[in-house]
Amino acid sequence: MQTQGAADPARTFDPAEPPAPAASVPAAANPGNIPEMGIAGGKPSGPSGKLGTPEDRSTQFIAVQGGGDTTSSEALLVSAYLVMWALLLVFVWFTWRRQQKMDDRVTDLERALEGTRAAPAPRES
Amino acid sequence: MQSRSKLIFQVLLAATAAVFFYLIYFIFIRAPIAQLQAGGLTQKIFYFHVPSGYAMYLSGAVCFVASAIYLARPTDKSDAWAKAGAECAVLFGMMLLTSGPLWAKKAWGVYWTWDPRLTTSLLSLLVYAAIVMLRAFAGGGHAERKFAAALGVLGTVNLPIIHYSVKKWGGNHPTVITSGGGGLGHPDMKFALGMGFFAMTLLAVALIWCRARTAMLDSRLARLQEQALASGLTNEV
């Protein structure tokens, strides 16, 4: 399966490339070595060429390949089955209710029409 | 409903329920999880998603045949089956196009792309939705029925296009079925998909039958109301 769209080579994370110098991102600020927004593979990302400055973080977002996927598979799977069953049950419920109403109406009308036919025609004086 | 056809319908419903119970057990307990690139756990949506698409084709085919018969020789029966086919095609189309994006979110990272198969499927759903809307809001006169039947015939042209769109135009959509079913790497996956097709066939037959009966009852009710009006039963009408 292919992913949507081709990745921009300028933004592609290259694992062989050495990480950015420690001085650019203080270790204390990023203890888990997690790529920050605005830093793709440790390369300078901002227009100013500075790394991880407050200005960069507040003015642009850059896609990071291999970023944490927060969508839960379980939640998507359960949602899909819930939606499908909900659609089906609503459809069946409306069909059943409509049939009940129409059955009752047809029975009433047939009874009324039979009553009209059975009743003697009014005498003309 | 006649007592014999009522019995057949009840047996059909019981069989459908039993097959669905077994299918759900098989999908969640027995069928293995696919590779992460295919969505991992969310790939299990596939066993309902693909049969939903097939059920939409089936309902569309019923709509097409009944609409063609109606155009050739208009009867209440053919109109009822055409209407039922369109309604069930909308239901299965909605099931298809809600389950697919949830799987795509995991496999592709996005809910929706304007992929040829997704776009043509959406187009078909809109065509059948248009038929249902037309019949619901424009009344049940002969002209409306005829127009809906023409739409039912023309709308079906899109169904083969959906099927072959991946081969013709590529796109993101997987082709494990259209490539001969060779993409299912485990016998349990193939069995689950086969069961899914069987279950959806039973469900589609039961629902189309049920909706056709409702449509025929609707026609009968309209005739009875006319008779009642002619007999002077204005209060009952």
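Here we summarise the structure given alongside this text.

Cut-offs and rules
- Residues numbered from 1 in each chain as written.
- Chains lettered and ligands numbered in written order.
- Predicted model: local features only at pLDDT ≥ 70, side-chain atom pairs only at ≥ 80, totals over all residues.
- Heavy atoms only, no water.
- Helix = DSSP H or I, 4+ residues; strand = E, 2+ residues; numbered from the N terminus.
- Buried < 20%, exposed > 50% of the residue type's maximum accessible area, 1.4 Å probe, protein only.
- Areas by Shrake-Rupley, 256 points an atom, 1.4 Å probe, with all protein chains shown as cover.
- Lys, Arg positive; Asp, Glu negative; His and termini not counted.
- Charge placed at Lys NZ, Arg CZ, Asp CG, Glu CD.
- 1 Å grid on protein atoms, 1.4 Å probe; cavity = no way out; pocket = protein on both sides within 12 Å on 5 of 7 lines; lining within 4 Å.
- Points joined across faces, edges and corners; volume = space filled by probe spheres on them.
- Nonpolar A, V, L, I, M, F, W, Y, C, P; charged D, E, K, R; others polar.
- Phe/Tyr/Trp six-rings, centres within 6.5 Å; stacked < 30°, edge-to-face > 60°.

For the rest of this paragraph, the subject is the overall build of chain B. Each helix and strand counted, chain B has seven helices and zero strands in total. The linear arrangement of helices and strands in chain B, starting from the amino end, is α-α-α-α-α-α-α. With respect to the principal axes defined by its C-alpha atoms, chain B has extents near 70 × 40 × 30 Å. Taking all 237 residues of chain B together, the buried fraction comes to 49%. Carbon and sulfur atoms make up 68% of the accessible area of chain B, which amounts to about 11100 Å² in all. With 20 positive and 9 negative side-chain charges, chain B shows a spacing of 11 Å between the two charge centroids.

Residue and element names in this part refer to chain B. Per the counting criterion, the structure on display carries one cavity of 30 Å³ or more. Of the volumes computed, that of the largest cavity is approximately 60 Å³. Surrounding the largest cavity, C63, S67, Y70, D79, A82, K83, I131, R135, R145, A148 and A149 form its lining. Elements with a contribution of two residues or more to the lining of the largest cavity: α2 (46-72), α3 (76-107), α4 (116-137) and α5 (142-155). Grouping the amino acids of the lining of the largest cavity by side-chain chemistry returns six nonpolar, one polar and four charged.

The next subject is the packing of aromatic side chains. Throughout the structure, instances matching the rule amount to 15 aromatic pairs over all chains. Seen from their ring centres, A:Y81 and B:F48 are 4.9 Å apart, and the 70° between their planes marks the pair as edge-to-face. Linking A:Y81 in helix α2 (residues 73-118) with B:F48 in helix α2, this pair reaches from one chain into another. Neither A:Y81 nor B:F48 differs from the other in exposure class; each is buried. An aromatic cluster of three or more residues is present, and its members are A:Y81, A:W85, B:F20, B:F28 and B:F48.

Limitation: the analysis is restricted to geometry and does not speak to function.
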